[in-house]
Amino acid sequence: MGDVSLCRVTPEETSILNVLSARIDGFTPDDGHQAGVCLRLGLAGDGARLIARISRKSKDTLGLAKGDAVFAQIKAVALVDSSGTEGRSSGLNVPPMESDVARFG
């Protein structure tokens, strides 16, 4: 969860190559310093679930609310397949989402 960041606009000039469009589905109870943001991937928010853990300050600064469209930036090392194998060697096939990014932005 710590390897997922959120953007309101299309990220540019970033080292994180996995950028997916998503919708905010809700929030986990925050502990005062961090907030869990529950996401559904895809433009319509009807795809796979993902949780991003961000600072409470970032949540407030971005003004995030349920139903908001965002971009999830996911570091490759954060990808885990069902066998628990991490990173690029996992064989996890995440298709490029450039078409979503272009239409979403």
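Definitions and limits used
- Residues numbered from 1 in each chain as written.
- Predicted model: local features only at pLDDT ≥ 70, side-chain atom pairs only at ≥ 80, totals over all residues.
- Heavy atoms only, no water.
- Helix = DSSP H or I, 4+ residues; strand = E, 2+ residues; numbered from the N terminus.
- Buried < 20%, exposed > 50% of the residue type's maximum accessible area, 1.4 Å probe, protein only.
- Contact = heavy atoms within 4.5 Å.
- Core = buried A, V, L, I, M, F, W, Y, C linked by side-chain atoms within 4.5 Å.
- pLDDT = per-residue confidence, 0-100.
- Phe/Tyr/Trp six-rings, centres within 6.5 Å; stacked < 30°, edge-to-face > 60°.
- Lys NZ or Arg CZ within 6 Å of the ring centre and 35° of its normal.
- Polar contact = N/O pair within 3.5 Å; in protein donor to acceptor, adjacent residues only side chain to side chain.

A. Focus on the side chain of Lys59. Among the structural elements, Lys59 can be located in helix H1 (residues 56-62). According to the relative accessible area criterion, Lys59 is buried, its value standing at 15%. Among residues more than four places away in sequence, those in contact with Lys59 are Phe27, Ala35, Ile54 and Leu64.

B. Main features of the nonpolar core. Leu6, Val37, Leu39, Leu50, Leu64 and Val70 are the most contacted members of the largest nonpolar core, which has 15 residues in total. Secondary structure elements with two or more residues in this core: strand S1 (4-7), strand S2 (18-28), strand S3 (34-41), strand S4 (49-55) and strand S5 (69-74). Non-local contacts of Val37, meaning those with residues more than four positions away in its chain, are made with Leu6, Ile24, Gly26, Phe27, Leu50, Ile51, Ala52, Ile54 and Leu64.

C. Highlighting the confidence of the model for the chain. Here the chain averages 79 in pLDDT, while 70% of its residues score no lower than 70. When the criterion is pLDDT under 50, residues 86-105 qualifies, and its contacts beyond four places in sequence or with other chains add up to 32 contacts.

D. Molecular detail of the packing of aromatic side chains. The tally for this structure, following the rule as stated, stands at zero aromatic pairs. One cation-aromatic arrangement involves Lys59 over Phe27; the distance from NZ or CZ to the ring centre is 4.2 Å.

E. Representation of the environment of Val70 within the structure. Tracing the backbone through its elements, the reader meets Val70 in strand S5. When its relative accessible area of 1% is taken as the criterion, Val70 is described as buried. Considered as a pair, Val70 and Ala22 are 48 residues apart in the sequence and their alpha carbons are 5.4 Å apart.

F. Region of the structure containing the side chain of Asp68. Here Asp68 lies in the loop between H1 and S5. A distance of 2.7 Å separates polar atoms of two side chains, one belonging to Asp68 and the other to Arg8. Non-local contacts of Asp68, meaning those with residues more than four positions away in its chain, are made with Arg8, Ala22, Arg23, Ile24 and Gly63.

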